[in-house]
Amino acid sequence: MRNPQLDAHGELTHLLTLEGLPADVIVRILDTAVPFTSIAERDVKKVPLLRGKAVFNLFFENSTRTRTTFEIAAKRLSADVINLNIGASSTTKGETLLDTVDNLCAMNADMFVVRHAQSGAPHLIAAHLNRTGRTHVHVVNAGDGRHAHPTQGLLDLFTIRHYKRDFRNLTVAIVGDVLHSRVARSLIHGLTTLGTPEVRAVGPQTLLPTALSALGVRVCNDMREGIKDCDVVVMLRLQNERMHGALLPSAGEFFKHYGLTPEKLAYAKPDAIVMHPGPMNRGVEIDSAVADSDRAVILPQVTFGIAVRMAVLSMLAGN
Amino acid sequence: MLPDAEQTLNLLADRMRGAVAFDALFVGIHSGGAWLADRLAKLIPGDHPVGYIDVSFYRDDFRRTGLKPEVKRTELPFEVEGATIVLVDDVLNTGRSARAAINELFDYGRPGRIELAVLVDRGGRELPIEATYSGARLAVARDLSLVLSRGADGTLVLATEGPARDDMAGGSDA
């Protein structure tokens, strides 16, 4: 079966996951994002690329940062943005996901940015659009369950490339709640596709998925061993809302073993950068002394995220 | 027979000398116009800071051709507001690239004056846009695109390529 994200010419038509996305497509997205970074520094923070296009933000799950940055990205491309807070709308009245999509298509939607608690929901929408011949409508996955968050993965890759230039000599540690993290999954696929020689997943066994080594990831339960000589440390948020059952003794216990403090960061390379997809839990996975230091590139990640999403939206709209 | 690009550049510089303001900013349209802007800034008397513009985000054929693979960065390291700007491009054809570049300049501020300098004017205008200075006028078959390239030693060379896939898709449809 053809990769459902690519059209017959191998061009990106939906962005659903970084898994299986060819390296040249990923690099092209990152390259396209570079000129978009400068638009924010201008007098008029807008280009007319998506003028007249209707972008629907379909958020079935809460989000502030991702929804806002997608909205800013679409608006800086001059698209019309419609935000749907689905929790408060038709699905609660019993409408199915695909009926909602068909109705929005009847309103002449050009693009859907979808976040859903169920893994695979954006894929379902994309397959439905392809099957019904609506190939001019594009879907961007803005996070589905534990599965994927490709634009976050891309902005993480963009940030790493910005500070470290090349992936082929890097050691990257992803620390914390890897089990519940679609961010981690997308980043791991992106890093391995771009040839990162060492990716480590660091955390307690209860928060690491069992199949990690199949992805080419080195698993470490000890934090100091896990971040030793790393170039990049990616801290993940402890996802309390997705935890069912006793995976951890307490947040304080977690911080003691896996919270990133200046003392633990000293095990990484002296020029290692610290990333976090947000929202941060200070004192749970990261110490304020690290989060506010010049090693942290957490706020540049947010800024780069807008440029990366502009690149994705404009590449999809042009294909 | 195509004219020699280096000689045409000298002709263009001769026409600009004495006419271009001493403090005019030069803005080259990527890629050919950027090379020309660098060269002209040194040939024309006065102090001419150089900026570069990539009009990909402003083109009117985006719906038909999508985003081209390599978008370069627009870099205007000066204040556009009130300035005299000489836009520089390699080939003037339909006028759509110049239109896109003027639109983009206005998103950085309101220039006091914009002039257009092109190496070659090949006719075929689809918009009411004319060059202030041009090095040569040239008739080229409609289905051929006219391309400026730069050798390793920096020498500029004009060549035809084609037939063009699409009137707007080539790099020479300035």
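Thresholds, definitions, all that
Residues numbered from 1 in each chain as written. Chains lettered and ligands numbered in written order. Predicted model: local features only at pLDDT ≥ 70, side-chain atom pairs only at ≥ 80, totals over all residues. Heavy atoms only, no water. Pairing = 2+ DSSP bridges. Helix = DSSP H or I, 4+ residues; strand = E, 2+ residues; numbered from the N terminus. Axes fitted to C-alpha atoms, helices over the stretch in contact; angles between N-to-C directions. Contact = heavy atoms within 4.5 Å. Core = buried A, V, L, I, M, F, W, Y, C linked by side-chain atoms within 4.5 Å. Buried < 20%, exposed > 50% of the residue type's maximum accessible area, 1.4 Å probe, protein only. Buried area = accessible area lost by both parts, 1.4 Å probe. Salt bridge = Lys/Arg side-chain N within 4 Å of Asp/Glu carboxyl O. Polar contact = N/O pair within 3.5 Å; in protein donor to acceptor, adjacent residues only side chain to side chain. Nonpolar A, V, L, I, M, F, W, Y, C, P; charged D, E, K, R; others polar. Phe/Tyr/Trp six-rings, centres within 6.5 Å; stacked < 30°, edge-to-face > 60°. Right-handed = clockwise from strand over helix to strand, strands pointing away. Domains from an automatic or database assignment.

Enquirer: Can you lay out the sheet that holds strand β4 (residues 113–121) of chain B for me, pointing to particular residues and giving the numbers?
Expert: All names here are of chain B. Taken together, 5 strands build an open sheet; the order of strands is β2-β1-β3-β4-β5 and the sheet is parallel. With partners counted over all chains shown, the strands left at the sheet margins are β2 (50–53) and β5 (133–137), one partner each. Neighbouring strand axes in the sheet, compared pairwise and without regard to direction, differ in orientation by 25 degrees on average. Docked against the sheet, helix α1 (residues 5–16) engages β1 (25–29), β3 (84–92), β4 and β5, running at close to 140 degrees with respect to β5.

Enquirer: Account for the nonpolar core, naming residues and giving values.
Expert: Ranked by size, the top nonpolar core spans 90 residues in total, and within it F36(A), L50(A), L154(A), L157(A), I174(A), L313(A) and F57(B) carry the most contacts. Of the residues forming this core, the biggest block, 11 residues, is contributed by helix α11 (residues 298–318) of chain A. If you look at the next biggest cluster of nonpolar residues, it comprises 28 residues, including F26(B), A37(B), V50(B) and V140(B).

Enquirer: Describe the interface of chain B and chain A, listing the residues and the values that go with them.
Expert: Each partner contributes residues to the interface: chain B has 17 residues there, and chain A has 23 residues. Contact between chain B and chain A buries roughly 1600 Å² in total, counting both sides, with carbon and sulfur atoms accounting for 58%. Of all residues in chain B, the largest losses of buried area upon contact with chain A belong to F57(B), F62(B) and R73(B), amounting jointly to 38% of the total for that side. For R42(A), the salt bridge goes to D107(B), with nearest N and O atoms at 3.4 Å. Along the contact surface separating chain B from chain A lie 6 residue pairs in polar contact (both at pLDDT 80 or more). A class-by-class count of the residues in the side of chain B that touches chain A yields 7 nonpolar, 4 polar and 6 charged.

Enquirer: Could you give an account of the packing of aromatic side chains, naming the residues involved and the relevant values?
Expert: Enumeration according to the criterion identifies 4 aromatic pairs over all chains in this entry. Centre to centre, the rings of F36(A) and F57(B) are 4.1 Å apart; their planes meet at 10 degrees, and the pair counts as stacked. With one member in each of two chains, F36(A) in helix α1 (residues 23–37) and F57(B) in the loop between β2 and α3 (62–65) form a pair that bridges those chains. Each ring, one from F254(A) and one from Y258(A), has its centre 5.6 Å from the other, and the planes form 35 degrees; the classification is tilted. Of this pair, F254(A) and Y258(A) both sit in helix α8 (residues 251–258), 4 residues apart, which is roughly one turn of that helix. Grouping residues by exposure puts F254(A) and Y258(A) together as buried.

Enquirer: Would you mind going over the pairing of strand β3 (residues 111–116) of chain A in detail, with residue names and values included?
Expert: As a general feature of sheets, a regular strand has side chains that alternate between the two faces. Residues and elements named next belong to chain A. Burial within β3 is extensive, with 6 of its 6 residues counted as buried. Neither face of β3 is open: one carries M111, V113 and R115, the other F112, V114 and H116, and all of them are buried. Relative to β3, strand β1 (residues 54–59) runs parallel, the two being bridged by 5 bridges. Within β3, the position partnered with L58 by the bridge is V114. The sheet contact formed by β3 and strand β4 (residues 138–144) spans 5 bridges and is parallel. Following the sheet pairing, V113 is matched in β4 by V140. In this fold, β3 hands off to helix α4 (residues 121–131), which returns the chain to β4; that crossover is right-handed.

Enquirer: A description of the sheet that holds strand β8 (residues 232–235) of chain A should follow, citing residues and the corresponding values.
Expert: The strands that make up a sheet pair up through hydrogen bonds in the backbone, lying either parallel or antiparallel. All names here are of chain A. As summarised here, the arrangement of the 5 strands in space is β7-β6-β5-β8-β9, forming an open sheet in which the pairing is parallel. Whereas interior strands pair on both sides, the edge strands pair on one side only; in this sheet they are β7 (218–220) and β9 (273–275). Neighbour-to-neighbour, the strand axes of this sheet turn through a mean angle of 20 degrees, independent of strand direction. Sheet topology note: the strand β6 (residues 198–202)/β7 ladder contains 3 bridges and is parallel. Bridging from a neighbouring strand, V202 pairs with C220 of β7. Packed onto the sheet, helix α5 (residues 150–164) meets β8 and β9 and runs at close to 170 degrees relative to β9. Along the sheet face, helix α6 (residues 182–193) touches β5 (171–175), β6 and β8 and points at about 170 degrees away from the line of β5.

Enquirer: Residues and numbers for the domain arrangement of chain A, please.
Expert: Residues and elements named next belong to chain A. What the domain assignment lists for chain A is domain 1 (23–147 + 302–318) and domain 2 (150–296). Contact residues are listed per partner, giving 26 residues for domain 1 and 23 residues for domain 2. Interface area for domain 1 against domain 2, summed over the two sides, is near 2000 Å², with a carbon-plus-sulfur share of 65%. Considering only the side of domain 1, the residues that lose the most area to domain 2 are L30, R146 and F304, jointly responsible for 34% of the buried surface there. A salt bridge links D31 to R161; the nearest nitrogen and oxygen atoms lie 2.9 Å apart. Joining domain 1 to domain 2, the criterion identifies 6 residue pairs in polar contact (both at pLDDT 80 or more). In terms of residue class, the side of domain 1 that touches domain 2 is made up of 12 nonpolar, 7 polar and 7 charged.

Enquirer: Could you give an account of the environment of L11(B), naming the residues involved and the relevant values?
Expert: Residue and element names in this part refer to chain B. Position of L11 among the secondary structure elements: in helix α1. Take L11: its relative accessible area is 39%, and that puts it in the partly exposed class. C-alpha of L11 to C-alpha of I29: the two residues are 18 residues apart in sequence and 20 Å apart in space.

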